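# Inside the fold
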Amino acid sequence: MNNLIKTDVCIIGAGPSGSATSIMLSKEKIHHYIIDKAVFPRDKTCGDGLILYAYKSLKIFGDNIFNSFLNHPKILHSKSVRLHINNELVINFKESKDRDMLISYVKRIDFDNFLVEQISNDFAFKEFGNGVKSLEKTEKGILVKLKDNKQILAKIIVGADGVNSLVSRKLIKKKPDTKYKSTFISAYFKNVDHLPKDYEAEIRIVYKKTPLFFYIFPLSDGTVNVSLGARTDKLNKYNINLLEEVDHILKSHEKVKNKFIKATITSKWRGWVIPFHFGKQQVFGDNFLLVGDAAGLANAFYKEGVGTGMMSGILAVKTIKEAIRINDFSSKTLNKHQKNLKSEFSKLLKFSYFTLRLMRFKQIFYTLVSLFKNKVEKKFKKMIIKRSY
C-alpha cells in the first residue's frame with residue numbers, strides 16, 4: 001500500500017474521552033495517532049455541566065492541568081446543586097468549604113478545546129479535519145482509511161467517536177436499545193433573572209407521564225444553558241414533544257417562569273443523546289476498545305457522560321500498555337478493558353439506572369426521597385470524595 005502509516009494505537013474521536021486517552025498514552029510515552037473529523041475549537045451540543053469523574057480525571061492528568069482548569073476564565077465553579085423533586089421537596093448537595101467545587105459549567109466548545117490543547121506534540125500525531133471513511137480488519141490490525149485517502153494501520157483502535165460510533169457499528173454491529181438512551185434539547189438564554197450568586201445548579205424533575213429532567217446552568221459569559229430531556233423510549237411511547245414541554249415550563253412553571261420574563265433566547269434549540277447501555281454489549285474485541293459514549297458509559301440518573309468518558313480513556317491505557325508489552329492485541333487480552341470499566345463504574349451505573357426506573361412510580365419515589373433525604377445528602381458527600389478529586 002502506498003503511503004501506509006503504521007502505529008500501535010489509533011484513537012478515533014478527540015472529544016473528552018479521546019483526548020483523555022491521548023493524554024494518558026503520552027504520559028506512558030506511547031506514540032499514537034488521534035483522528036477527528038472536526039478542527040478544534042468546534043461546537044458540541046451538551047448540558048455544559050461537569051462533575052465527579054471529570055475532576056478525578058483532570059487530577060490524574062497532573063496538577064498543572066487541574067490548576068489550569070480551576071483558573072480557566074471561561075469555566076465557572078459552584079459548591080452547590082439543588083435537585084427539585086417537586087415544588088416542595090428539594091435535595092441539597094453541597095461541597096465542603098475546604099474543597100474547590102461540586103459542579104463546573106463550561107461550553108463544550110471551550111472545554112473540549114482545553115483538553116485538545118493538553119495533547120502532547122511529542123507522542124500524539126493529530127489528524128484533525130479529516131474524518132474516517134472506512135475501517136477494515138486485517139491480519140496485522142485494523143486499517144483506517146481517511147477522507148483524504150490517507151491510510152493508517154493500527155494494532156489497536158480506540159473508539160472514542162460518540163453515541164453514533166463508527167467503530168462500534170462496524171466492529172460490533174449491534175445497535176443499543178432506545179431504553180438505554182436519553183434524548184435532550186438545549187439552548188442558551190441571556191437576561192435570566194433571580195439566579196443564585198453562588199452559581200448554584202438548578203435541576204428539576206417535571207412529570208409528564210414520565211419524568212423529565214430540566215436544568216438551568218449559568219455560564220461565564222452571563223448566559224445560561226437550559227436543557228430538558230428524558231428516556232428516549234418513553235418520549236416515543238408517550239409522544240412527548242420536548243420543544244413544547246420546555247416552552248410550557250419556561251412560561252408557566254410556578255418556580256421557573258419569573259426568571260425568564262425578560263430572558264431572550266440566543267441560540268437555536270438543539271438535540272443530543274445520552275447513552276447508558278454499558279453492560280449490555282461488549283466494549284472490546286480483536287484490535288479495538290470503546291470508551292466514553294461509544295461504550296455507553298453515561299450515568300442514567302444524573303447524566304454525567306464527559307467525566308465517565310474521560311475516566312474510561314484513562315482506564316483504557318492500562319489495557320493498551322499491557323497489550324503492547326506482551327504484543328497481544330486479541331480480545332483475550334483486551335477483555336481486561338471491560339473488566340476495568342466494570343470495576344470502576346458498574347455499581348454506580350446500575351444504581352443510577354435503578355433510580356431512573358424507580359422514578360416512574362411518582363408517589364413511591366416522592367415518599368422514599370422524603371424519608372431518606374438526609375441520608376441521601378450525607379451519602380452523596382462520601383461519593384464525591386470517592387469518585388472525584
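Numbering of residues starts from 1 in every chain and runs along the sequence as written. At least 70 in pLDDT is required for a residue's local features to be given in this predicted model, at least 80 for side-chain atom pairs to be given and counted, and no such filter applies to totals for whole chains, interfaces and linings, which use all residues. Side-chain descriptors were evaluated using all non-hydrogen atoms of the structure, hydrogens and water having been removed beforehand.

## Examining the environment of Phe 111
Looking at the secondary structure, you find Phe 111 in helix 4 (residues 108-117). Note: C-alpha distance between Phe 111 and Leu 358 (247 residues apart in sequence) is 33 Å. Setting aside residues up to four positions removed in sequence, Phe 111 forms contacts with Pro 16, Leu 50, Leu 58, Phe 69, Val 106, Val 306 and Met 310. A run of H or I in DSSP becomes a helix once it reaches four residues, and a run of E becomes a strand once it reaches two; helices and strands are each numbered from the N terminus. Should any heavy atoms of two residues lie within 4.5 Å, those residues are counted as being in contact.

## Let's talk about the pattern of salt bridges
Working definition: two side chains of opposite charge can pair if their charged atoms are close together. Whenever a carboxyl oxygen of Asp or Glu lies within 4 Å of a side-chain nitrogen of Lys or Arg, that contact is scored as a salt bridge. What the rule picks out here adds up to 19 salt bridges. Residue Glu 28 is joined to Lys 321 by a salt bridge in which the shortest nitrogen-to-oxygen separation is 3.0 Å. Residue Glu 28 is found in the loop between helix 1 (16-27) and strand 2 (32-36), and its partner Lys 321 is found in helix 8 (residues 306-326); the two are separated by 293 residues along the sequence. Three exposure classes are used, based on accessible area relative to the maximum for each residue type with a 1.4 Å probe and protein chains only: buried under 20%, partly exposed in between, and exposed over 50%. Relative accessible area serves as the criterion here: at 42%, Lys 321 is assigned to the partly exposed category. Lys 74 is the salt-bridge partner of Asp 110, the closest N and O atoms lying 3.5 Å from each other. Linking Asp 110 in helix 4 with Lys 74 in the loop between helix 3 (63-70) and strand 4 (76-78), this pair joins segments that are 36 residues apart in sequence. For Asp 110, a relative accessible area of 19% puts it in the buried group. Where salt bridges share partners, they join Arg 42, Arg 108 and Asp 112 into one cluster.

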